[in-house]
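# Results of the structural survey
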Amino acid sequence: MLQQAEKRLKEYFGYTSFRKGQKEIIESVLKGKDTLAIMPTGGGKSICYQVPALLMDGMTIVISPLISLMKDQVDALTSIGISSTFINSSLTAKEVKERIAEIEEGAYKILYIAPERLEVESFRTFLLTMNVSMVAVDEAHCISQWGHDFRPSYRNIKRMITAFVKKPLILALTATATKEVTEDICELLNISASSTYVTGFARDNLTFNVIKGENKRDYIMRYVKANRDQAGIIYAATRKEVDDLSQFLKKNGIKAGKYHAGLAEHERAEQQDQFLFDQLDVMVATNAFGMGINKSNVRFVIHHNLPKNIEAYYQEAGRAGRDGEKSECAILFAAQDIQLQKFLIEQSTLSPDKKVHEYQKLQQMVDLCHTEKCLQTYIIEYFGETTPHAPCGRCMNCTDTRSKIDVTREALMIFSCVKRMGERFGKTLVAQVLKGSNNKRINQFGFHKLSTYSLMKEKTEKQIVDLIDFLIAEGYLSLTNDKYPVLMLSNKAREVIVDKLQIFKKELVKIKSIEVNDDLFERLKLVRRELSVQLGVPPYIIFSDSSLRDMSSKCPTTENEFLQVKGVAKTKLEHYGEKFISAICEFMNVERTSSDQLQGRVAADYIVSDKTASHLISYQLFQDGKSIKEISESRGLSVITVQNHLIRAVEEGNPIEWSEIMTEAQEALIAEKIIELGTDMLKPLKEALPEDIDYFQIKAAVCKLKLKSLK
Ligand code: ADP
Ligand code: ZN
């Protein structure tokens, strides 16, 4: 059975193998067991029900609270040739009727519905007449009141399932793995603990950072400038902050949008669409944004304010890099944000018990910001993973080598000034006094006569404010919760004064761009964007960034080669192959034969491969002394294809006379550049080498090195 599943994975999704957790989950489902799958955001939950759905005879129902996501999922499935549809409140009554008629005719393999739909009796009755083989409960934590998104209508699911004459299989899926939630799901859906699968919570493509004591806006500006043209989300705590920050970014020339519950529905939809279609780079949003976002090429998620707990944080941060490409997450920590979260808990309508629970979770979130341990390890241990993990080697705590600067003297000046001003003023006025500004308020209060007046005159006012912010973030100073927050000294500051402790501040965080430059990749992104506009489908539905990356390193120039690209299967080849292959040929300066000829050729290629694999025929001819050009002409294949055939044959262990491909001198040159630049991308290698060394020779040298290292 699993083999069948793997076949479908390749045939429809263009992926060669299941990820570790997917395999176990799909196996359990295919054995007919009700199953709970716990996987982090981006882990690949959808495939766990989409592939089994293809192997079962009836229809699979997917229950999801995310209405906006349904259309996306259905679009994505349609684009790979899987018949699916959705029914939710975004449709008119007439549309619903039409879809129901189509469902009755058996037109769909997968049906998405919102849980509220189960409250409609006529709909329930209709479902019971259908052959439903499986019910996938997405975002299953919504069933639990301990989860962070309790949805009462989820409680109808079990009743619906038990009403079927032939009970459908249940597959519950979530990214929330706390013990209470897991137990709740199992109990409420009758899933046995032994059919619960928790896959690794680590996200190997994400880098976690906590940024402390830096000016938040400065950091964000530096960050988005270093990562222009990359999509990212910046979460802020309040609507006002979202408005201000998005305005600020726009003023500074960044394509930023905004999203919060205070906007009209059509404004929200418009902003979201622009972001999905890569027309906005940065989305500044409250946590209202993202539940329904499937966009896989989000390259960074920055938290402008402290999130309320680690579950919420990991879910939001996890929206980065769902395509598996390198992405970054950062929390901009400031101690005063803790007050805001406490305030929100206090104001909530939660029971006293639940409030205590929420305070504890907030404290764990704060601890995460202060730990010196690997951040990734800290998070997965929080989620209860017990298998020992090596530090990730990517996060802030694993890589921080910044030197520390002693700022005790400046801090003491600030403390003294705050004290002398009676701990009754905000940070701006304190900074102005230290700077020695000449303004009305200072004169009015007589602060120009203080001994601390103009004590820091060699610094700019902003530098002084930044230092004050750092001291707040580190807990030496506190800010009151008033409309005009007042600066006060904390016990920690008194300890510095009395016990003569030192205060160190780290240098500014260095920001590197997330992606390495790759011209072909950029070119393919443009092709994708043009297609997206033409077809009205978001770019990431056409191809994920990881598919484009793979394309730019494999440089496929024939349809057969195109099929080898990660995420490409027959439907995508038919829809988009031509456009991308042409762009690649143009980029690599190779001639593209007319598509008629090409189709004939590919067909021939396929037929031959049933007997002797096509690449081996090319290889044999080469061994018989034919030149690549001769083989290309006699077989009606492009030169590049023949070259790729040879490489593949050699990779499979067939010997070759290397000197016929490159001279020793050329090989040495290429090897030297490989050491410098790595083998991930061929383009930079090509550019670093003399003109006369071609892609084929580079590929050959890479292949030879790889074979050597295997020995
Ligand atoms: P989740 O719902 O768990 O957040 P998704 O189902 O959206 O995650 O999958 C995240 C990404 O991983 C998608 O782009 C998906 O196509 C990709 N993916 C899933 N399974 C595999 C696999 N076996 N091989 C390669 N990519 C995969
Ligand atoms: Zn780490």
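Residues numbered from 1 in each chain as written. Chains lettered and ligands numbered in written order. Predicted model: local features only at pLDDT ≥ 70, side-chain atom pairs only at ≥ 80, totals over all residues. Heavy atoms only, no water.

### Overview of the sheet that holds strand S4 (residues 110-113)
- Reading across from one edge, S3-S4-S2-S5-S6-S1-S7 is the order of the seven strands in this open sheet, with parallel pairing throughout. At either margin of the open sheet sits one strand with a lone partner, and together these are strand S3 (84-87) and strand S7 (196-198). Recorded for the sheet is a direction-independent mean angle of 20° between the axes of neighbouring strands.
- Direction of pairing for strand S1 (residues 35-38) relative to strand S6 (residues 169-174): parallel, over a ladder of four bridges. Looking at S6, one finds that Ile38 is bridged to Thr174.
- Its contacts with the sheet place helix H5 (residues 93-104) against strand S2 (59-63), S3 and S4, and it is angled at close to 140° to S3.
- Taken strand by strand, helix H6 (residues 121-128) contacts S2, S3, S4 and strand S5 (132-137), and its axis lies near 160° from that of S4. (Pairing = 2+ DSSP bridges. Helix = DSSP H or I, 4+ residues; strand = E, 2+ residues; numbered from the N terminus. Axes fitted to C-alpha atoms, helices over the stretch in contact; angles between N-to-C directions. Contact = heavy atoms within 4.5 Å.)

### Quick notes on the sheet that holds strand S12 (residues 298-303)
- Taken in spatial order, the six strands line up as S8-S13-S12-S9-S11-S10 in an open sheet, and their pairing is parallel. Edge strands, defined here as strands with exactly one partner in the open sheet, are strand S8 (206-212) and strand S10 (256-259). Strand after strand, the sheet turns through a mean of 20° between neighbouring axes, direction not considered.
- When S10 meets strand S11 (residues 282-285), the two strands line up parallel, connected through four bridges. Along S11, the bridge assignment pairs Gly257 with Met283.
- Helix H9 (residues 216-226) contacts S8, strand S9 (231-235), S11, S12 and strand S13 (327-333) of the sheet and is inclined by roughly 165° relative to S13.

### Section: the domain arrangement of the chain
- Annotation of the chain at the domain level lists domain 1 (2-198), domain 2 (206-399), domain 3 (404-506) and domain 4 (519-710).
- Summarising the inter-unit geometry, the C-alpha centres of domain 1 and domain 4 are found 38 Å apart.
- With twelve residues of domain 1 at the interface, the matching set in domain 4 holds 14 residues.
- Carbon and sulfur atoms make up 52% of the surface buried where domain 1 meets domain 4, a total of about 910 Å² over both sides.
- At the junction of domain 1 with domain 4, the criterion picks out zero salt bridges.
- Taken together, the connections running from domain 1 to domain 4 amount to three residue pairs in polar contact (both at pLDDT 80 or more).
- Only helix H1 (2-13) and helix H4 (67-79) provide two or more residues apiece to the side of domain 1 that touches domain 4. (Domains from an automatic or database assignment. Buried area = accessible area lost by both parts, 1.4 Å probe. Salt bridge = Lys/Arg side-chain N within 4 Å of Asp/Glu carboxyl O. Polar contact = N/O pair within 3.5 Å; in protein donor to acceptor, adjacent residues only side chain to side chain.)

### Observations concerning the coordination of the zinc ion (ligand 2)
- Coordination sphere of the zinc ion (ligand 2), protein contribution only: Cys374 (SG), Cys392 (SG), Cys395 (SG) and Cys398 (SG), at 2.3 to 2.4 Å.
- Seen from the zinc ion (ligand 2), its four donor atoms lie at angles of 101 to 119°, and the figure they make is tetrahedral.
- In terms of primary sequence, the donors binding the zinc ion (ligand 2) are separated according to C-x17-C-x2-C-x2-C.
- Judged by its relative accessible area of 18%, Cys392 is buried.
- Looking at Cys398, the relative accessible area reads 30%, which means it is partly exposed. (Donors = N, O, S within 2.8 Å, 3.2 Å for Na, K, Ca; no water. Tetrahedral: all angles 85-135°; square planar, octahedral: opposite > 155°, others 65-115°. Buried < 20%, exposed > 50% of the residue type's maximum accessible area, 1.4 Å probe, protein only.)

### Overview of a nonpolar patch on the surface
- Residues Leu412, Ile497 and Val498 make up a contiguous nonpolar surface patch of about 260 Å² in total accessible area.
- Position of Val498 among the secondary structure elements: in helix H21 (residues 491-499).
- By relative accessible area, which is 62% here, Val498 ends up exposed. (Patch = residues over 30% accessible without salt bridge, like charges linked within 9 Å, V, L, I, M, F, W, Y side chains within 5 Å. Areas by Shrake-Rupley, 256 points an atom, 1.4 Å probe, with all protein chains shown as cover.)

### Structural notes on the pattern of salt bridges
- In the structure shown here, the tally under the stated rule is 30 salt bridges.
- Between Asp550 and Lys554 there is a salt bridge, with its nearest N and O atoms 2.8 Å apart. Placement of both Asp550 and Lys554 in helix H24 (residues 545-554) is noted, with a separation of four residues, approximately one turn of the helix.
- Judged by its relative accessible area of 36%, Lys554 is partly exposed.
- Linked through salt bridges whose partners overlap, the residues forming this network are Asp278, Lys295, Arg299, Asp323, Arg528 and Asp545.

### Points about the environment of Lys704
- Mapped onto the secondary structure, Lys704 falls in helix H33 (residues 695-710).
- Taking relative accessible area as the criterion, Lys704 reaches 21% and is therefore assigned partly exposed.
- Linking Lys704 and Ala671, residues 33 residues apart in sequence, is a C-alpha distance of 9.9 Å.
- Every residue in contact with Lys704, bar those within four places of it in the chain, is listed here: Trp658, Met662 and Glu667.

### A short note on the site of ligand 1
- Residues in close proximity to ligand 1 total 15 residues, the closest being Tyr15, Gln22, Gly42, Ser46 and Arg322.
- Gln22 has a polar side-chain atom sitting 2.8 Å from a nitrogen atom of ligand 1.
- One of the backbone nitrogen or oxygen atoms of Gly43 is found 3.4 Å away from an oxygen atom of ligand 1.
- Contact with the protein chains removes 85% of the 570 Å² of surface that ligand 1 exposes when unbound.
- If one sorts the elements of the shell around ligand 1 by residue count, helix H3 (residues 45-55) sits on top with three residues.
- Class assignment for the residues of the shell around ligand 1 results in four nonpolar, eight polar and three charged. (Near = heavy atom within 4 Å. Nonpolar A, V, L, I, M, F, W, Y, C, P; charged D, E, K, R; others polar.)

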